[in-house]
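One-letter residues, chain by chain:
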Amino acid sequence: MARSILSLVSVLLVAVAAAVIAVRPAGAVAAYPNPGYVTGSIGVHDPSVVKTSSGYLLAHTGNNIALKTSTDRTAWRDAGVAFPGGASWALPYTGGGASLWAPDISRHNGKYYMYYSASTFGSRNSAIFLATSATGASGTWANQGLVISTTSSSSYNAIDPNLITDASGNWWLSFGSFWTGIKLIPLNSSTGLRSGTALSSIAQRTGGSTAVEAPFIFRHGSYYYLWVSFDLCCQGASSTYRIMVGRSTGVTGPYVDRNGTAMTSGGGTQVLAGHGGVHGPGHQAVITDSDADVLFYHYYADNGAPLLGINLIAYDSAGWPYVY
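Residues numbered from 1 in each chain as written. Predicted model: local features only at pLDDT ≥ 70, side-chain atom pairs only at ≥ 80, totals over all residues. Heavy atoms only, no water.

Draft legend 1. Quick peek at empty space enclosed by the protein. Following the criterion strictly, the structure yields one cavity of 30 Å³ or more and no others. Roughly 70 Å³ of internal volume is contained in the largest cavity. D104, P161, F216, H283 and Q284 are the residues nearest the centre of the largest cavity, which is lined by 14 residues in total. Among the residues forming the lining of the largest cavity, the class breakdown is eight nonpolar, four polar and two charged. (1 Å grid on protein atoms, 1.4 Å probe; cavity = no way out; pocket = protein on both sides within 12 Å on 5 of 7 lines; lining within 4 Å. Points joined across faces, edges and corners; volume = space filled by probe spheres on them. Nonpolar A, V, L, I, M, F, W, Y, C, P; charged D, E, K, R; others polar.)

The structure is reproduced here in C-alpha cells:
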C-alpha cells in the first residue's frame, strides 16, 4: 500500500510539474539547464545543423569548414571537410590561413546551401561566401561566389552569416559582429547571392560594449526571433558569451526584447548564460525537429575546450523562448 501511495504521489507530482511548464508565465525565471547528453566527436566551434534524410549534418568553424553527422542528434562523428582541396578564393581575407568561420547550413531548392565567412580575428577585412552541394558530403561543395565583403573602413563586419526565408518566400541574410552590429540584406532566391544594395540594421549594443554577433533569425508562429550572442567568445573558460533573443512580426524588424527595448538600442532577453562548468555558451543555431525546436551552440569546458551544446526550446505564455 505504501508503495502504491508513493507511486500515486510521484505521478501527481509529474503531472503538476508538466502543468506548470505548460502555463509558464511571461517573465518566469528558472535555473539554466545543462546541455543535453551528446557523445562522440563533440569538439565544435560555431555549429550549424540541418536535418537530412539519414539524420543530421553539422558544419562548424575549422580548416576548410569541418563537417560532422549524426543519426540521432546524440552521437556525432567526423565527416571530413567541405573543401578538401582548400578554398583559394578566401585566402585574401584569411591572411593565407585555411580556417573558415561560422558556416550556416540549410536546405532549399533540393540542395544544401552553406554561407560562411573568411576573416582574421579583430579584422573587418572580411567576406561572406556561398557554397552549394547536392548531398552535403565532404568534397561535394561548389563555390558559388562572394555574397558581401567589408574593409577596414567599413562600419560593420561581414562575418557570421545566417539565411532566413520569410513567410512570403523571400530570402534574407543576417550577419555582423561588433562595431555597428547586426545587418540584414536581401538575397536572390535563385542564386542565393545578394540582391541590390539595401542594408538594414537590426541589432546593436549601445552605451558601452559593442559585443553583439552570431545572428540567427528563426520563424516560429507569428514572430521572427532574432537570436544573438552578447559579450566575448574565444577565450576558453574565461569566455563571457551569452545567448540573447528579441522578436518582430516582420523579418526586417524592429526587433524588441521582452521589456520592449529595441535590439538596435541594446535590447535583448537573456536565454542562456554561463553556469557551473558551462562557460560562454553562444554562437547559436535553431532548427525545428520532431520533438521540439532545438538550440545548438558551443560552450567551453573548465579546461577551455569548445564543446557542442544542445537544448530543447519551449515558449512561455507570452511566446518568449526558454530552453530545457
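Draft legend 2. View of the nonpolar core. Ranked by internal contacts, the top residues of the largest apolar core, which has 34 residues, are W76, W227, L295, F296 and L308. Put simply, the parts of the chain that give this core at least two residues each are β3 (55–60), β15 (212–220), β16 (223–230), β17 (242–248), β18 (269–272), β19 (279–288), β20 (293–300) and β21 (306–315). Ranked by residues supplied to this core, first place goes to β21 with six residues. Aside from chain neighbours lying at most four places away, what touches L295 is W227, I243, Q284, A285, V286, G309, I310, N311, I313 and V323. (Core = buried A, V, L, I, M, F, W, Y, C linked by side-chain atoms within 4.5 Å. Buried < 20%, exposed > 50% of the residue type's maximum accessible area, 1.4 Å probe, protein only. Helix = DSSP H or I, 4+ residues; strand = E, 2+ residues; numbered from the N terminus. Contact = heavy atoms within 4.5 Å.)

Draft legend 3. Spotlight on the pairing of strand β9 (residues 126–133). Counting buried residues in β9 gives eight out of eight residues, a clear majority hidden from the surface. Of the two faces of β9, the one carrying S126, I128, L130 and T132 and the one carrying A127, F129, A131 and S133 are both buried. Bridging between strand β8 (residues 111–118) and β9 involves seven bridges; their strand directions are antiparallel. Each residue of the ladder has a partner; that of Y115, found in β9, is L130. (Pairing = 2+ DSSP bridges.)

Draft legend 4. Highlighting the sheet that holds β17. Read from one edge to the other, the open sheet built from four strands follows the order β15-β16-β17-β18, with strand pairing classed as antiparallel. Lying at the two open borders of the sheet, with one neighbouring strand each, are β15 and β18. On average, each strand axis in the sheet is inclined to that of its neighbour by 30°, with strand direction left out of account. Taken together, the seven bridges between β16 and β17 define a ladder with antiparallel strand orientation. Bridging from a neighbouring strand, L226 pairs with G246 of β17. (Axes fitted to C-alpha atoms, helices over the stretch in contact; angles between N-to-C directions.)

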